[in-house]
Amino acid sequence: MRLLISMGTRPEIIKMAPVYEALSRIRDADLLLVHTGQHYNQEMSDIFFSELGIREPDINLGIGSGSQIIQTSSIIKEIGSVIENYEPEATIAVGDTNSVLGTAIASSKLEVPFIHIESGLRSYDFTMPEEINRRISDHLASLNFSPTVRSFSNLAEEGYPPRRIVLSGNTIVDVVRRTMSLIQKSSIIKDLGIDESEPIMTVTVHRKENTDYEHRMLGIVKALEELNELTIVWPMHPRTLRKLKEFNMLSKLKSMDHLLLTEPLGYIEFLKLLLSSDVIATDSGGVQEESATLKKPCVILRDNTERPELVEMGFGKITGINPSAIVSAVRDFLYREGLREKLESLPNPFGDGRAAVLIVDILRRIWDLRNLKQESPRFKGGSPHYVSIRVSGKIAEMTVSRLKEATGYDVITIYDATGRSIAFDPSTPLVKGEIIRLRGDPYNFDKLRRLIKG
Ligand code: UD1
Ligand code: UDP
């Protein structure tokens, strides 16, 4: 196995850590670690390598900051050269940043299979650079690991072949579990001089759709000002610091007695802060997942989320940046009776902490990752034919792969009796009454029709 592991930003390093750990246990695996350099400050990058036990990258492309276009195109160019020189069997990346998109494009253009972790998340908001990155990276990937049934279904609904999607859970849960004993020992709360007997809220904000707009940042600042019954801790992303200075809001924030601004924290310290919090307010993807993992209520400072599981299950509420919506959501979470017990009783929508082992086990079994090459099927009719049918007769006795062998049709989506799209693999049996959507060569339709009738 000869694999190029690509990372570029804080959340990618964190979420790749358990995958790297499991890969590095494979004897004879030849791993090239490439850091794009999109994040470069010690507290946005290096600290996570040392804390989470990843060896120093073999190559740092030194891309740094820049516009969406400059940053993305530089990553494509630079990582493209590395792929040409190193000739990996495949490349792998996690998440939805420009580093991931650059890796996906360079890899696919060079006909090297791209493996994507955390696939199928959708916010349906194209003003987010991440939504563009996700959509393209997912569809260029030869193998997608989706964290939840919802993300699996999103991909299947878009026509991505389900036999190349694996429902894996999110590797962030693995990271939290593995570091829990260190997290519990962290002294950060004492070091920051926080009185733990008072309610605590951790805040993070860094998304372009918030930080780039003065009125949106003002909405958040006003809400924090009003919530003075809390101790609020805000480890600040460098992008946010830069923008708040530009908007002249930093001095106002610094003057609030109940608010503590800090540099970005290391992983262990930050997780201890989350663990000690009564409520979390964030626009971060990873922090939303960690809030569910730690069973903490989460106010989502955005107009949408690509992690709707959080909201559906009751861990999260979307408030946007309206100050009164933020304040009332925070207070509702703080003072609602029985909330803590309710959240404690909920399963984690993002998995059970075994995602990385599952991902690496699948890769190990494939071993020669060139076998993952994208398929380019030929259709006698020129393009495929889609059809939806209710499972009955002979089809109800078949698995997904058996139906493919018998008819040439791929199962694209399966809807259960309640109409919900489900996650499946080639060995999944088709059940009477389900509706399935199929794709195949129109020239094979007669075979399918005979089976439906029979
Ligand atoms: C990027 C990702 C985002 C992810 C986030 C994780 C894209 C489009 N965005 O956003 O999806 O959620 O990382 O944190 O890929 N800066 C520094 N030092 C650093 C890194 C950044 O000072 O080490 C400052 C610079 O002023 C830079 C700004 O932050 O211009 C933005 O950095 P950039 O990597 O472009 O985007 P993020 O906002 O970090
Ligand atoms: N994080 C951290 N220190 C901080 C803030 C966040 O270690 O001061 C971690 C957090 O635990 C999570 C990840 O960074 O795992 C989230 O990164 P970020 O919010 O920058 O990006 P996103 O997840 O939104 O892409």
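This one's a predicted model, so the numbers in the text were calculated from it and none came from an experiment. (Residues numbered from 1 in each chain as written. Chains lettered and ligands numbered in written order. Predicted model: local features only at pLDDT ≥ 70, side-chain atom pairs only at ≥ 80, totals over all residues.)

1. Considering the nonpolar core
Soluble globular proteins: nonpolar side chains tend toward being buried together.
Item 1. Val19, Met201, Ala281, Val299 and Val330 are the most contacted members of the largest nonpolar core, which has 88 residues in total.
Item 2. Discounting residues that sit within four places of it in the chain, Val330 has contacts with Met201, Leu227, Val279, Ala281 and Val299.
Item 3. If you look at the next biggest cluster of nonpolar residues, it comprises 17 residues, including Leu155, Leu403, Val411 and Leu448. (Core = buried A, V, L, I, M, F, W, Y, C linked by C-beta atoms within 7 Å. Buried ≥ 20, exposed ≤ 12 C-beta atoms within 10 Å, placed from the backbone. Contact = placed C-beta atoms within 7 Å.)

2. What to know about the site of ligand 1
Item 1. By nearness alone, 19 residues border ligand 1, and Met44, Ser65, Thr97, Pro238 and Arg239 come closest of all.
Item 2. Looking at the shell around ligand 1 element by element, the count peaks at 3 residues for helix 11 (residues 238-246).
Item 3. The residue makeup of the shell around ligand 1, split by class, is 5 nonpolar, 9 polar and 5 charged.
Item 4. Inspection of the shell around ligand 1 shows a minimum of three residues originating in each of domain 1 (2-170 + 352-372) and domain 2 (181-345). (Near = placed C-beta within 6 Å. Helix = DSSP H or I, 4+ residues; strand = E, 2+ residues; numbered from the N terminus. Nonpolar A, V, L, I, M, F, W, Y, C, P; charged D, E, K, R; others polar. Domains from an automatic or database assignment.)

3. Some remarks on the site of ligand 2
Item 1. The environment of ligand 2 is made up of 16 residues, and the closest members are Pro11, Pro235, Phe270, Ser284 and Gly286.
Item 2. Breaking the shell around ligand 2 down by element, the ones donating at least two residues are helix 1 (10-24), helix 13 (267-275) and helix 14 (285-293).
Item 3. When residues of the shell around ligand 2 are assigned to their parent elements, the largest contribution, 4 residues, is made by helix 14.
Item 4. Of the residues assigned to the shell around ligand 2, the class counts are 9 nonpolar, 5 polar and 2 charged.
Item 5. There are two domains that each give the shell around ligand 2 at least three residues, and those are domain 1 (2-170 + 352-372) and domain 2 (181-345).

4. Considerations on the domain arrangement of the protein chain
Item 1. When its domains are assigned, the protein chain resolves into domain 1 (2-170 + 352-372), domain 2 (181-345) and domain 3 (385-453).
Item 2. If you average the C-alpha positions of domain 2 and of domain 3, the two centres end up 46 Å apart.

5. Topic: the sheet that holds strand 7 (residues 165-167)
Item 1. Strands sit in the order 3-2-1-4-5-6-7 across an open sheet of 7 strands; the sheet is parallel. Every other strand in the sheet has two partners, leaving strand 3 (59-60) and strand 7 as the edge strands with one partner each.
Item 2. Where strand 6 (residues 143-146) meets strand 7, 3 bridges bridge the pair, whose relative direction is parallel. Within strand 7, the residue paired with Ser146 across the bridge is Leu167. (Pairing = 2+ DSSP bridges.)

6. Some thoughts on the packing of helix 1 against helix 7 (residues 171-185)
Item 1. At their nearest, the axes of helix 1 and helix 7 sit 8 Å apart, and the two run at 80° to each other. Judged by the inter-axis angle, helix 1 sits roughly perpendicular to helix 7. On the side of helix 1, the interface is formed by Ile14, Lys15, Ala17, Pro18 and Val19, while helix 7 contributes Thr171, Ile172, Asp174, Val175 and Arg178.
Item 2. Its residues assigned to classes, the contact of helix 1 with helix 7 shows 6 nonpolar, 1 polar and 3 charged. (Axes fitted to C-alpha atoms, helices over the stretch in contact; angles between N-to-C directions. Parallel < 35°, antiparallel > 145°, perpendicular 65-115°, else oblique.)

7. Here's the deal with the sheet that holds strand 9 (residues 231-235)
Item 1. Within the open sheet, the 6 strands sit side by side as 10-9-8-11-12-13. Their pairing is parallel. Where the open sheet ends on each side, the last strands, each with one partner, are strand 10 (259-262) and strand 13 (316-318). Going across the sheet, the axis of each strand differs from the next one's by a mean of 20°, ignoring polarity.
Item 2. The sheet contact formed by strand 9 and strand 10 spans 4 bridges and is parallel. Note that in strand 10 the partner of Val233 across the bridge is Leu260.
Item 3. Contacting strand 8 (200-204), strand 11 (279-282), strand 12 (298-300) and strand 13, helix 16 (residues 323-335) crosses the sheet at an angle of about 155° to strand 11.

8. As for helix 16
Item 1. The end-to-end C-alpha separation of helix 16 is 18 Å, in line with the 18 Å expected for 13 residues at 1.5 Å each.
Item 2. Among the residues making up helix 16, those that are buried are Ile326, Ala329, Val330 and Phe333. With its buried residues spanning 95° around the axis, helix 16 presents them on a single face. Counted as exposed and oriented over 90 degrees from the buried face of helix 16: Ser324 and Tyr335.
Item 3. Close packing links the buried residues of helix 16 with strand 8, helix 10 (214-226), strand 11, strand 12, strand 13 and helix 17 (339-345). (Expected span 1.5 Å × (residues − 1). Arc of directions from axis to C-beta.)

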